[in-house]
Amino acid sequence: MDLATDTGPFHGGASGSLYGIYGDGVPSRNVIEGMHVRTVSTKAQDGPQHPGADALEVLPPFVDSGGKDLYIYLTDIYRGFPYEWPGADGPARLADFKEKIRKQVRQVLTMGAYKAHVVYVPFNEPEGNMFGTGDWSYDKVSWLDDPQQYFTAWKDTYHLIKSLDPDARIAGPNTMELYDQVKGFLQYAKDNGVVPDVMTWHELSSPATVRTNVARYRQWEREIGIGPLPINVNEYGHNYHLSVPGQVIQWVSAIEESKIDADLAYWNIDGNLNDSVVEANKGNGQWWLFNAYGQMSGHTVRVTAPHPNVQYTLQGVATLDADKKQSRALFGGKSGDADIVFQNIDPELFGKTVHATVQEIPWTGQVGDSAQPLRLSDQEVEVGADGTVTLPMIGMNDMSAYQVILSPGGNGAVPAKPSVAWRSTYKAENATYTGSGYSKNGPEGSPQDVEKFAASGTYNIGGLRTGSDGVLSFDVDVPRDGTYDLSVFANSYNLHDLVKEQGLTNVFLRVDDKDPQELRLPLGYKWVVWGHTDTTVKLTAGSHRITLSAQDPDLGVTKGDAIIDKIDLALRDRHPTQPAVYEAEYATLTGTRPDYARPGASGPGTVPLPKGSSATFWVYSPTDGESAVSVDHFGGGRAKVLLDGEELDVPQVGGETKGTDTLRVFLSGGINKITVNGDSKELVLDRLRVASGGSTLAPTVYQAENGTLTGAAKVTTAYPFAAGGKAVTDIGAAKANALTLDVAAERAGRHALTIRYSNGEQAPATHYNPDPIARHADLSVNGGPARRILFPTTFHFNSFQDLTIRVTLKQGTNRLTFTAEELPDFDGDTYNEHGQRSSYAPVIDQIAVTPLAAG
């Protein structure tokens, strides 16, 4: 990392998404903002291509969460792929398409200030669709061979959009790759005054090709005499890469180096930011990678990799922010050891000693929740006489990404301890299997087979299924007595015949044939879609055998079918993640900058917060519930604390002297945005410490079956994993089919409402994308206006998850009424014809009501 070689302002363009947002709440606005999603490409409003992701429903939550540009795929007003546009011949089909474009643009014009964020994409992969050779094409002649019809259609649709909205931005040609013929398209566009406002194409290739093609395109611009235009490579990456931080960082480095925007490819389900998001509000390892990437600032600097521009080797991106006196580097893609070298460290910025924090962002699967990055080391390092600092990285994992934050040191900061004292991974393919049903599945995804999903090894193991007596045994060796966190990385395909009956596959865990536990393994939308089930085990120092079984003499038998990838063991001790530490100088700062001269700070520095300035932290919570948020400071002023942009009803933090203010706050499982806003004088903020648990904010739980049911809504016993085996179903299809619960609040104010629900509805798909539907509930509090809440899929109606929203309650009894009706199209008169908008609320199991905060 050559800190003296500036390669341009940090852009942040790699954090784009194709079909990544389903609607407002799926995923949550916290998740969108915290991932720093810059661009989204999505379907035309009311298009039947997939459920959800309707452009004008996605637009407000995207923009309000910091998004820049939303690209509307106008072609996705049609079903199928290739697009099934009606008409007896090409001209008739094009005429139908133009009418639909008119309607789309007129609808966009109703969106007020949001309209400025819209970019229209008239054609998507035209060479394989509307102007290709197939039965659904214009005339079965590829424009790559004869471009006349496509060029004319481009010109006509361009003028049509501009005539309706003169300020419109239009993107294209949106080809599957950067064909040589695109240069001819650009020449035609220039000659006819229809040059796109944004240049788009797809890169289902490699990071090296991104760099090469951007350079090739820029040369075309110079030769033709246009631009330079903004570029959005609005589809990149493969199944093998997505969700894997060590793979995705290689794409990110190429995209950031090229200073373009780019959108992660949509191979699977929408609404999870392309395998970055778990449920509605949790992030996996890939999410945390983009969270770290989006917090970079200043200018990028030259990074020299051991094998420059070679995929599946160590690659990275680095920045220097001179105002913050901070350098950040993200890298990954290689297993083993490497030296990370920072060159030309400016002594005017950093001094003679630097403070280096090294973190790991591990792979946690596509549907596996991840905590904040692991702190591997925190150290003070002297800068060499040649201006360099070398950080040895030992035992890297090629599926992980790594972050280094470099700040001025030498002020007496005490290095923080690693997040985890000891951890180890045991791959299922190396374990011992006994009994019936064994299968060794694979090989899975690889650089040679990128369409398949990744796994920790080459293979995974099946056999724990209905009717089996299989046992999968892992021989482990641990360093000392203690309690260990154990994660089982596993998958069940939600539509597989053996899985359909029960949903979550149950298996049985023992240690040395003792202490049986029943585990329910995660569901996914396909096979080899990994999540993890977590538990704890008590182990003594030395060797043990951990078994996963399909039968247990004390607990029962397995129902379902699961595959196992690995188990992870980590020693739980008194100083890893409880409390989690969030240094103020590493936060997102507004109106201020770090100060590294404060003796006694917990990390390299502190942050002064005068009135109007702020420090924002992305804080993880393992569950929905109470946490202790401790604000460590050096006094000097006072500040307000906001949760997800909402000021908490607690005393201000700070004071005249050094101290700690601890707030009891309800945090949602997954990602929480905590902001400390300077309010009077100048509070000197040191850090946040967050520990989950506590009994100050006591939840009150109400079983849905004890509520008042009207119309068709009814109690069901069909889903045994509901609390007490009962839940409420058939809420919806009309307002008369409702659930009403009376809940109590000890005092008036904001409360967390945690809804335990299930949603297994899935629409018929037209191609490789599974199409789960986000059901909704319209919630009225005390007879007030109904608020629509979206609930992401749980992959089966017997798989229950929690979703928390916030409501204002009066003191005493409050009435909650849940209804649901199918949402009409944007015009309010028509409805989806393909079962892609549900009329129903999810199955509701229980409701927990908890005060939001206490000082």
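Computed from a predicted structure; not experimentally measured.

Reading the values: the criteria
- Residues numbered from 1 in each chain as written.
- Predicted model: local features only at pLDDT ≥ 70, side-chain atom pairs only at ≥ 80, totals over all residues.
- Heavy atoms only, no water.
- Pairing = 2+ DSSP bridges.
- Helix = DSSP H or I, 4+ residues; strand = E, 2+ residues; numbered from the N terminus.
- Axes fitted to C-alpha atoms, helices over the stretch in contact; angles between N-to-C directions.
- Contact = heavy atoms within 4.5 Å.
- Parallel < 35°, antiparallel > 145°, perpendicular 65-115°, else oblique.
- Left-handed = near helix turned anticlockwise from the far one by under 90°.
- Nonpolar A, V, L, I, M, F, W, Y, C, P; charged D, E, K, R; others polar.
- Salt bridge = Lys/Arg side-chain N within 4 Å of Asp/Glu carboxyl O.
- Buried < 20%, exposed > 50% of the residue type's maximum accessible area, 1.4 Å probe, protein only.
- Core = buried A, V, L, I, M, F, W, Y, C linked by side-chain atoms within 4.5 Å.
- 1 Å grid on protein atoms, 1.4 Å probe; cavity = no way out; pocket = protein on both sides within 12 Å on 5 of 7 lines; lining within 4 Å.
- Points joined across faces, edges and corners; volume = space filled by probe spheres on them.
- Phe/Tyr/Trp six-rings, centres within 6.5 Å; stacked < 30°, edge-to-face > 60°.
- Lys NZ or Arg CZ within 6 Å of the ring centre and 35° of its normal.
- Polar contact = N/O pair within 3.5 Å; in protein donor to acceptor, adjacent residues only side chain to side chain.

Draft legend 1. Local environment of the sheet that holds strand β1 (residues 2-9). The seven strands lie next to each other as β1-β12-β13-β14-β19-β16-β17, forming an open sheet whose pairing is antiparallel. Strands with a single pairing partner mark the edges of an open sheet, and in this sheet they are β1 and β17 (374-382). Between one strand axis and the next, the sheet turns through 25° on average, direction left out of account. When strand β12 (residues 299-302) meets strand β13 (residues 315-321), the two strands line up antiparallel, connected through two bridges. Among the inter-strand pairings, T300 is bridged to a residue of β13, identified as T319. Helix-sheet contacts for helix α7 (residues 245-258) involve β1, β12, β13, β14 (326-332), β16 (353-361) and β19 (401-408), and the interaxial angle to β13 is about 55°.

Draft legend 2. Structural view of the pairing of strand β43 (residues 670-692). Pairing of strand β34 (residues 580-583) with β43, which is carried by four bridges, proceeds in the antiparallel orientation. Residue pairing in the sheet places A580 in a bridge with V690 of β43. Bridge count for strand β36 (residues 607-610) against β43 is four bridges, and the pairing is antiparallel. Within β43, the residue paired with P610 across the bridge is E682. Two strands pair when backbone bridges link them, and strand β37 (residues 614-621) and β43 are joined in this way by eight bridges, in the antiparallel orientation. Across the sheet, residue Y620 finds its bridge partner in β43, namely I671. With seven bridges connecting them, strand β38 (residues 625-633) and β43 associate as antiparallel partners. Looking at β43, one finds that S630 is bridged to R689.

Draft legend 3. Structural context of the packing of helix α6 (residues 207-224) against α7. One way to put it is that α6 packs onto α7 with a least axis distance of 8 Å and a crossing angle of 10°. Between α6 and α7, the angle falls in the class roughly parallel. As α6 packs across α7, the resulting crossing turns out to be right-handed. Facing α6, whose interface residues are P207, V210, R211 and V214, α7 presents Q250, W251, S253, A254, I255, E257 and S258. A per-class count over the contact of α6 with α7 returns six nonpolar, three polar and two charged.

Draft legend 4. A look at the pattern of salt bridges. The final tally for this structure, using the stated rule, is 46 salt bridges. E626 is the partner of R664 in a salt bridge, and the nearest nitrogen-oxygen pair spans 2.7 Å. Of this pair, R664 sits in strand β42 (residues 659-667) while E626 sits in strand β38, and the two are 38 residues apart along the sequence. Exposure class is identical for R664 and E626. Each is buried. The partner of D679 in a salt bridge is K640, with the nearest N and O atoms 3.6 Å apart. One end of the pair, D679, is in strand β43; the other, K640, is in strand β39 (residues 637-643), and 39 residues separate them in sequence.

Draft legend 5. The arrangement of helix α2 (residues 55-64) in detail. With eight of ten residues buried, α2 is to be regarded as a mostly interior element. For α2, the full list of buried residues reads A55, L56, V58, L59, P60, P61, F62 and V63. Buried-residue contacts for α2 involve α1 (29-34), β3 (39-43), β4 (69-73), α3 (90-108) and β5 (118-121). Looking one or two residues beyond α2, the residue adopting positive phi is G66, at roughly 95°.

Draft legend 6. Spatial organisation of the sheet that holds strand β2 (residues 16-18). Pairing is parallel around the closed barrel formed by eight strands, whose spatial order is β2-β3-β4-β5-β6-β7-β8-β9. The sheet shows a mean angle of 25° between the axes of neighbouring strands, taken without regard to direction. Pairing of strand β6 (residues 169-175) with strand β7 (residues 198-203), which is carried by four bridges, proceeds in the parallel orientation. Bridging across to β7, G172 finds its partner in M199.

Draft legend 7. How the structure looks around the nonpolar core. With 125 residues, the main nonpolar core has F97, L186, Y217, Y236, F290, L330 and F617 as its most contacted residues. Residues within four places of Y236 in sequence aside, it is in contact with A14, E203, L204, L242, W251, I255, A262, D263, L264, A265 and F290.

Draft legend 8. Inspection of unusual backbone geometry at higher detail. Across the junction of F81 and P82, the peptide omega takes the value 5°, indicating a cis bond. Tracing the chain through its elements places P82 in the loop between β4 and α3. At N782, a residue that is not glycine, the phi angle is positive and equals roughly 55°. With respect to the helices and strands, N782 occurs in the loop between β52 (775-781) and β53 (787-791). The partly exposed category is assigned to N782, whose relative accessible area is 35%.

Draft legend 9. Region of the structure containing the layout of surface pockets. Within this model, the second largest pocket holds a volume of roughly 760 Å³. Residue lining of the second largest pocket: 32 residues in total, with G25, S28, R29, R787 and T804 positioned closest to the centre. Secondary structure elements with two or more residues in the lining of the second largest pocket: α1, β49 (749-758), β53 and β54 (801-809). Among the elements that make up the lining of the second largest pocket, the one with the highest residue count is β54 (six residues). A class-by-class count of the residues in the lining of the second largest pocket yields seven nonpolar, ten polar and 15 charged.

Draft legend 10. Looking closely at empty space enclosed by the protein. Scanning all chains against the criterion turns up three cavities of 30 Å³ or more. In this structure, the largest cavity encloses a volume near 490 Å³. Contributing to the lining of the largest cavity are 31 residues, with Q359, V581, Y582, E583 and Y586 lying nearest its centre. Broken down by secondary-structure element, the contributors of at least two residues to the lining of the largest cavity are α8 (285-294), β16, β17, β19, β34 and β37.

Draft legend 11. Layout of the packing of aromatic side chains. This structure, assessed with the given rule, holds 34 aromatic pairs. Judged by centre distance (6.3 Å) and plane angle (75°), the rings of F290 and Y293 are edge-to-face. You can see F290 and its partner Y293 sitting in helix α8, three residues apart, about one turn around the helix. When its relative accessible area of 1% is taken as the criterion, Y293 is described as buried. One residue, K566, lies across the ring of F489, its end atom 4.3 Å from the ring centre.

Draft legend 12. Quick look at the side chain of S838. Counting through the fold element by element, S838 comes out in the loop between β55 (812-819) and β56 (843-851). Polar side-chain contacts of S838 include one of 2.8 Å to the side chain of E761. Of the polar contacts made by the side chain of S838, one reaches the backbone nitrogen of Y840; its length is 3.0 Å. Not counting chain neighbours up to four residues away, the residues in contact with S838 comprise E761, I773, R775, H776, E821 and E822.

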